[in-house]
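Now for the letters of each chain:
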Amino acid sequence: MTKILLQGGNVLDPAHGSLLLRHDVLIENERIIDVSSTPITAPDAKRIDVSGKTVMPGLIDCHVHVLASLANLGANALQPGSLTSIRALPIVEAMLKRGFTTVRDAGGADWGLAQAIAIGLVPGPRIFPSGKALSQTGGHGDFRPRSDVLEPCSCAFRAGAIARVADGVDAVRLAAREEIQKGATQIKIMASGGVASPTDPIGNTQYSEDEIRAIVAEAEAAQTYVMAHAYTGRAISRAVRCGVRTIEHGNLVDADAARVMREHGAFVVPTLVTYDSLARDGARLGLPADSVAKIESVRQAGRDSLKIYAEHGVQMGFGSDLLGEMHQDQSEEFIIRAEILGNLEAIRSATSIAAAILQREGELGTVRVGARADLIVVNGNPLDDIRLLTGQGQHLALVMQGGYLYRSQA
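Counting restarts for each chain, with residues numbered from 1 along the sequence as it is written. The predicted nature of this model means local features are confined to residues of pLDDT at least 70 and side-chain atom pairs, given and counted, to a pLDDT of 80 or more, with totals for whole chains, interfaces and linings taken over all residues. Computation of side-chain values covers all heavy atoms of the structure but excludes hydrogens and water.

The name recorded for the protein chain in an unreviewed UniProt entry is Amidohydrolase family protein, from Herbaspirillum lusitanum.

A. How the structure looks around the packing of helix α4 (residues 169-181) against helix α5 (residues 209-221). To get an axis, a line is fitted to the C-alpha atoms, and for a helix only the part in contact is used. The angle between two axes follows their N-to-C directions and goes from 0 to 180 degrees. Helix numbering and strand numbering both begin at the N terminus, where a helix is a DSSP run of H or I of at least 4 residues and a strand a DSSP run of E of at least 2. Contact pair α4 / α5: the axes reach a minimum separation of 9 Å and the direction vectors enclose 30 degrees. For the element pair α4 / α5, the angle class is roughly parallel. The handedness of the crossing between α4 and α5 comes out as right-handed. Facing V169, V172, R173, A176, R177 and I180 of α4, the residues of α5 in contact are D210, E211, A214, I215, A217, E218 and A219. As a working rule, the residues Ala, Val, Leu, Ile, Met, Phe, Trp, Tyr, Cys and Pro are called nonpolar, Asp, Glu, Lys and Arg charged, and the rest polar, with Gly in that last group. Broken down by class, the residue content of the contact of α4 with α5 amounts to eight nonpolar, no polar and five charged. Reported orientations rely on four angle classes, namely roughly parallel under 35 degrees, roughly antiparallel over 145, roughly perpendicular from 65 to 115, and oblique for the rest. The sense of a crossing depends on the near helix, which, turned anticlockwise from the far helix by less than a right angle, makes the crossing left-handed and, turned clockwise, makes it right-handed. The contact rule is simple, with two residues in contact once any of their heavy atoms fall within 4.5 Å.

B. Quick look at the nonpolar core. Residues I189, I215, I236, V244, I247 and M261 are the most contacted members of the largest nonpolar core, which totals 58 residues. The element contributing the most residues to this core is α5, with five residues. Setting aside residues up to four positions removed in sequence, I247 forms contacts with A228, A230, I236, A239, V240, M261, F267, V268 and V269. Residues enter a nonpolar core if they are buried and are Ala, Val, Leu, Ile, Met, Phe, Trp, Tyr or Cys, with the set joined through side-chain atoms within 4.5 Å. Using a 1.4 Å probe on the protein chains alone, a residue whose accessible area is under 20% of its type maximum counts as buried, one over 50% counts as exposed, and one in between counts as partly exposed. By size, the runner-up hydrophobic cluster in this structure holds 34 residues, among which are V103, A114, I117 and L396.

C. Inspection of the pattern of salt bridges at higher detail. Whenever a carboxyl oxygen of Asp or Glu lies within 4 Å of a side-chain nitrogen of Lys or Arg, that contact is scored as a salt bridge. If you walk through the whole model with that rule in mind, you get 24 salt bridges. Residue K294 is joined to D200 by a salt bridge in which the shortest nitrogen-to-oxygen separation is 3.7 Å. Here K294 is found in the loop between α9 (289-292) and α10 (296-311), whereas its partner D200 is found in the loop between β11 (187-190) and α5, with 94 residues between them in sequence. Residue classification places K294 among the buried positions, given a relative accessible area of 14%. What makes D200 buried here is its relative accessible area of 1%. Among the charged side chains, a salt-bridge network with shared partners connects E30, R31, R360, E363 and R372.

D. Focus on the packing of aromatic side chains. To pair, rings of Phe, Tyr and Trp, with the six-membered ring standing in for Trp, must have centres within 6.5 Å; the planes then decide the type, stacked if under 30 degrees apart, edge-to-face if over 60, and tilted in the middle. Enumeration over the complete set of coordinates arrives at three aromatic pairs. Where F100 meets F334, the ring centres are 6.3 Å apart and the plane angle is 25 degrees; that geometry is what we call stacked. Placement of the pair is F100 in strand β7 (residues 100-105) and F334 in helix α11 (residues 333-341), with a sequence separation of 234 residues. Between the NZ or CZ atom of R245 and the centre of the ring of Y225, over which it lies, the distance is 4.7 Å. Comment: the charge-over-ring label is applied if NZ (Lys) or CZ (Arg) is within 6 Å of the ring centre and within 35 degrees of the ring normal.

This is the structure in structure tokens:
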């Protein structure tokens, strides 16, 4: 059966913040073909009564690492490639169960895994893969330990590595071209120090401006964009001025950097839940001591950053950035966002704004005619109670991806 009719639900339009009461939604194949306040007659459609429930777009997480089955990313990279891939399967299926029908992978996932999901071989969210993130030597993607001999990094060839090391304008151009050729839908770079990496203080800037501009030029030539891991105001401003389109994390932003982002139309993807999870479970799950020590330097600042971005009109996408067993905390990001920005903005971050980040406005993150039929049906109204979007999907009556009913309890 190619048609499905959702009857009598309350349709949530995140972009306008409205709830359209008692509407029917008709899906044919992968698309929404009608949304109406009057009953739709479709005798050949499978009918599902969703009265009293909220019909809303499938959720989008703009910062995941689906191949990171271990909290210690250095150890994750040493796993056999086949084990890395198989361990990713329950991670991606659990994301779909939580209502995330699309994710942007920020380092690790490749075209092959995205295709396996796209053709229905394995259940999971639609993946926009970055391939391997690009890191300078000693940068956030370089997990080699300190030593008196620095051996060449094998990370470019390991499935479990989230990044590859490339230095110099010519080398980063080639690395960007290779990731695009292998199926990356955007390029990820490491533009500052980070928490999970062993040898780079968070305050460091990474990559020269010439290298960043070269990577941006290659991405733009391929009709895509660059996303950059960056924490401090200095790193953020520098990356955005060089053409980076989305900033990942951005915990230590200042007003000047936020103004630069607004002027350039850049997005930010905060990932606040990961710091709570790492603080609680990181050491137990194998996060190195040097990384554990960095967590508190950015944890509260991340929450404070939301107000700075909001005050300066910087659009914020939803991100989780979880590792290993902590993937189960993905939806808890909604709680943090809602406490500071309100329920509607938390929902927008994972729907309409996330779709804009992916350059898929009108196709994803919306319930309207012509959009892809990525939908969830919630038992209740998340505008009133954001916790309905948390947990492991227990408050969802239905999850639909591309017109396919993955789960239906309606």
